[in-house]
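Geometric and topological summary
Given next are the chains, with one letter for each unit.
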Amino acid sequence: MSEVKPDLVDVQIDGVWHQFPKGTRLIEACRQAGAEVPHYCYHPKLTSPGNCRMCLVETGMPPRPAPGAEPPQPDESGHLPISWIPRPVIACANTVAPNMGIRTTGAITEGCREGVMEFLLANHPLDCPICDQAGECTLQEYSVEHGKGESRFREKKVKKPKNVEVGPRVRLDDERCIMCSRCIRFTDEIADDPVLGFTDRGSHTVLTVYPGRELANNYSLNTVDICPVGALTSNDFRFQMRVWFMRETNTIDVNCATGCNITVYSRQNKIYRVVPRQNNDVNSDWMPDSHRLNFHWIDGESRLAEPMVKENGGHRVASWAEALAKTADKLASLSGAEIAVIASARMTNEELFLVNRLVKQIGAGHVEVVPRLGEADGYLISADRNPNTNGVKLVLGIESPGSGLEGVKSGIEEGRIKAVLCLQENLVEDGGFSPELLGKLDFLLATYPLANPTTGLADVVLPGACWAEKSGTMINVAGRLQRLNKAVEGPGQTREPWEIVRDLIQALGGGNGIYSVTELFNQLASEVPEFKGLSWGQIGDLGISLIDTGETIPAIEREKQRKAAGLIVG
Amino acid sequence: MDWHLLIAAAVKIVVFVFLMTLPLVAMSVWAERRVSAAIQDRVGPNRVGPFGLLQAVADGIKFLLKEDFTPAHVRKTYYWLAPALTMVPSLLTCAVLPFGSQLFGEKMVIADLDVGPLFVFAIASLTVYGIVLAGWASNSKYPFLGGVRSTSQMISYEISLGLSIIPLVMIYGDLNLGRIVFDQAQNGWALLPLWGEGLSLKGFILAIPIFISFIVFTTSMFAETNRLPFDLPECETELVAGYHTEYSSMKFALFFLGEYAAMIIGSGLAVTLFFGGWSLPFGWLTPASPDAEVPFLHGCIHILAFFAKVIGFILFFIVVRWTLPRFRYDQLMRLGWVFFFEIALANVVLTALLLWWLG
Amino acid sequence: MAIIVQRPKLKWWENLYLPGLISGMRVTLGHFFAILLRKKKVTMQYPEEKWDAHLPDHYRGAPALVTDDQGRERCVACQLCEFICPPRAITIKPEEIPAEDKWAKVEKRPRAFEIDMIRCIYCGLCEEVCPEQAIFLRKDYAITGTSRAEMVHDKKRLYEIGGVRTGLVNKWNELK
């Protein structure tokens, strides 16, 4: 046996010896050793109360010799023999010890699991057909893996409140609750809004919200995610679609500069829900409700689906070729100084890269993006509500995005700027351009997923795909390069913004030769120094740290402190 | 030009061809299906009209309303021409068939030619052009094979067909079908010489070559009309649908109608030559001379008699079709060239010898 | 290995083909007259005469939704049939049962339940997978329509075909 390093301990799991750092919880050690221990209440980002008893495992330590007896001798592998303890312990709260033995199988462990499952199922309603959690319910999974298969419970089940509105976005079914207390700990430890708790005793224990309060904080839907059963369900997703029908796409949130990692669930080109995806450098396991629910407009009424050109004061549907040709004709008749390009900090690096090319090609006198500033919430919402401001700085080369917007406005006012190309932005509502001001323009091109006052004024309107319909990369507030992946197809003739810009360049006589985002990324990587040597695959699902912005994400910082304090596993 | 003759001819064409032959075509399709169904213990079309008699109308409407589709790979002109070339000759041969004695002093034949059988063979042999063109113009392998088969088959059997009626012509000494029929009316049908001059030793002896002629004629007629057991040009087990594989809608219907029309004309010719045409047996209601006045009622009865015989013959066609299996192609050719050609030739010699011997 | 089939040696009159023709016609005409004189009847005149009375119990006809003896629509829109359906003929849009409804405690029901009968293959997996005993294959087999839209059975039509079914397990009763 190799020499034991000071901070590592030898642990035998299911007969095989492993080494783990001191302080590792048994459950994590087993997971790393490939022996998954079933659990309900344990969550690595929360404290471990050890109340579900599902993670009971059999452990053992070297025998302590009786006074005067020979101490045990190491075997040929250098390990001491293990004397198994006839009482199981919970794996979630105990930490590994030198020469410890763990059995995740065997009569004691399996008998405990069967017993716990039987207790949990005694009062659990058999309403899986209507339960939204069915399909991703750990109770379902464990009752198949570790359950007895049939119930010996012949008495009447305890009746509890059902269909309770505990908050504006969350609904509670107490009969389904297995008292794991994950939601209580989340609201207490993470969201700092401790409104949930247990009342009553024994099998009559119920989860309730504090009288006169409600679970209304902006992180309430995370309780739905961590609920191992269907006790807490999302009002928004409730009864919309069964989970097994949906396709999962890993992408990122674009509602603020944090860029929470998310999974988009869609079926037949319709998005049904968005849930956070674990990334310990960006959003841990959480995301704000306001960002999570901001996807319903994607298949809403006001989506643009066809290119349009303005004729006699009204818009008419045109082909892409016609709309692009009209734009190119107009731009060719103007000098570069008369053209302003307003891009968006919601665009991906690849799109901005092409915008940069377009700007150089037409020699545009002004390039700007529209800033969006709000208030940071101290958790995951960043003050910068644009997801890719860092990308604008890097790729488009704008030092302080948004500062030149006033110059554009005065340019239009004075007639120096005759044409504006508004790419994926809403100038009237977000950029502070008045309709009268835009009316002075000779030519306005607007691309946007939705119809808005700006597209209403535009001479040429192009339907650009929204965040869920395109792929690309963005750089978040902390300088992390992350990938946006296409979850659904855009409606009608919608094109991804990078395709639109590429087609514009082409219509203006420039070359193209770009047919995919990855190809575009490779060009970007070869031209922008910060991206040097990167490839699309290298970024991965979790992204990579690209630049140091000196900014941090408060929720992640707090998690690091809690982890360092040993409160959580992390 | 005599307007009277022209109008009479036009009326006869309309009545005989369009009001009698074509409905008969439709009815024979219906009969084919009902008889074949009965033979196979089925019911057959029985829904449209009484006993399903209007099935043909429904089928016709369907054919007319279907998309008239022309495949892209065909040779258009000939592709369009072929169905017409099949249908038209079949109807043209109606011209010389005497389908009755007289009505209103008019002979019940559209064109009272003195070369009746020759005209029929001359025109009927044109249908092969339609089939060959269809097979070739379709520009596809199965139609092509069907067309080729049809050509050689029709050419082969036309010889024995033509040779088979020479004995009859020798015996009657006439090529006018009207006069041949009248002769049979007075002196016994060719195959049934039981009255008049036929009821004699000479009549019975001459019935032998006539019977041989009849067998050869009928069999060749089956081959000429592409009916089972000789439907090699369109046998579906080998050639999908033969020369009309690429045809649909009304163009297909023209082939279909042409085939049945040819069957009816063939039956009409057989009836005219061997079963006394419009005449009734035993010389009943026979006019005194070819040009004698015939009462209106008698004229009608004669027309009915002709069609009754034709329908009987058609039923025979149908029963044969649903009884016999298809010949192999080499068997077909062997039968045509090795047997029927020789038999028909020998039959001519035999008839000549008999006529010489009997004076 | 080639097999040489011994062909029968035919007599000269058999070679003439005519005896074969006559005996063949005797067979066909025999059938012909038997049918013509109604001595024999094989065909069933379908729309007037039907097999319905003879259908076995396990016959799989059109799938349909049922209500139970309490008048409750049994389907809770769990969408398992939609999932199992091999030709993907079933489309379900779930909804929440409003609180004032008598069966509000069931919480969920189908807002729309459509079975595309052009797609349906009558396999019966939907009946087998249903955890609520709500969908059954009935004996209706003549499912016709003059348009594709007509061939899609909506919820109303499915309950019409299905009707009331008694004697089912009642898991949503008061004791639950």
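Below is a short write-up of the structure. (Residues numbered from 1 in each chain as written. Chains lettered and ligands numbered in written order. Predicted model: local features only at pLDDT ≥ 70, side-chain atom pairs only at ≥ 80, totals over all residues. Heavy atoms only, no water.)

1. As for the interface of chain C and chain A
The condition that has to hold: By definition, residues are in contact when any of their heavy atoms lie within 4.5 Å. Any Lys or Arg side-chain nitrogen found within 4 Å of a carboxyl oxygen on Asp or Glu counts as a salt bridge. Here a polar contact is taken to be a pair of N or O atoms separated by no more than 3.5 Å, where protein atoms must pair a possible hydrogen donor with a possible acceptor and residues adjacent in sequence count only if both atoms sit in side chains. Going along the chain from the N terminus, every DSSP run of H or I of four or more residues is numbered as a helix, and every run of E of two or more is numbered as a strand. In the scheme used here, Gly and all other residues not listed as nonpolar or charged are polar, with Ala, Val, Leu, Ile, Met, Phe, Trp, Tyr, Cys and Pro taken as nonpolar and Asp, Glu, Lys and Arg as charged.
The partner chain A presents 21 residues to the 20 residues of chain C that form the contact. Linking chain C with chain A are four salt bridges, by the criterion used here. Of the charged contacts, one joins arginine 238 of chain A and glutamate 107 of chain C as a salt bridge, the two residues approaching to 2.5 Å between their closest N and O atoms. Taken together, chain C and chain A are joined by seven residue pairs in polar contact (both at pLDDT 80 or more). Of all the secondary-structure elements, those providing two or more residues to the side of chain C that touches chain A are helix H3 (80–84) and strand E2 (90–96) of chain C. Counted by class, the side of chain C that touches chain A contains ten nonpolar, one polar and nine charged residues.

2. Considerations on the environment of isoleucine 301 of chain B
Residue and element names in this part refer to chain B. The criterion, for reference: Each residue is placed in one exposure class: buried if its accessible area under a 1.4 Å probe, protein chains only, is under 20% of its type's maximum, exposed if it is over 50%, and partly exposed if it falls in between.
By the element assignment, isoleucine 301 lies in helix H11 (residues 296–321). A relative accessible area of 27% places isoleucine 301 in the partly exposed class. Along the sequence, isoleucine 301 and serine 279 sit 22 residues apart, while their C-alpha atoms lie 9.0 Å from each other.

3. Section: the interface of chain C and chain B
Counted only if it meets this: Throughout, the accessible surface (probe 1.4 Å) given up by two parts as they are put together, summed over both, is called the buried area.
Contacts between chain C and chain B engage 16 residues on the former and 16 residues on the latter. A combined buried area of about 1,400 Å² lies between chain C and chain B, and 67% of that area is made up of carbon and sulfur atoms. Between the two partners, chain C and chain B, sit five residue pairs in polar contact (both at pLDDT 80 or more). Across the side of chain C that touches chain B, the residue classes break down as nine nonpolar, five polar and two charged.

4. Regarding the pattern of salt bridges
Residue and element names in this part refer to chain A. The full count for this structure, using the stated rule, is 54 salt bridges over all chains. Notably, a salt bridge pairs glutamate 189 with arginine 562, separated by 2.8 Å at the nearest N-O pair. Placement of the pair is glutamate 189 in helix H4 (residues 182–190) and arginine 562 in helix H16 (residues 554–564), with a sequence separation of 373 residues. In this pair, the class of glutamate 189 matches that of arginine 562, namely buried. The shortest N-O distance in the salt bridge between lysine 409 and glutamate 406 comes to 3.3 Å. Of this pair, lysine 409 and glutamate 406 both sit in helix H10 (residues 405–414), three residues apart, which is roughly one turn of that helix. When its relative accessible area of 15% is taken as the criterion, lysine 409 is described as buried.

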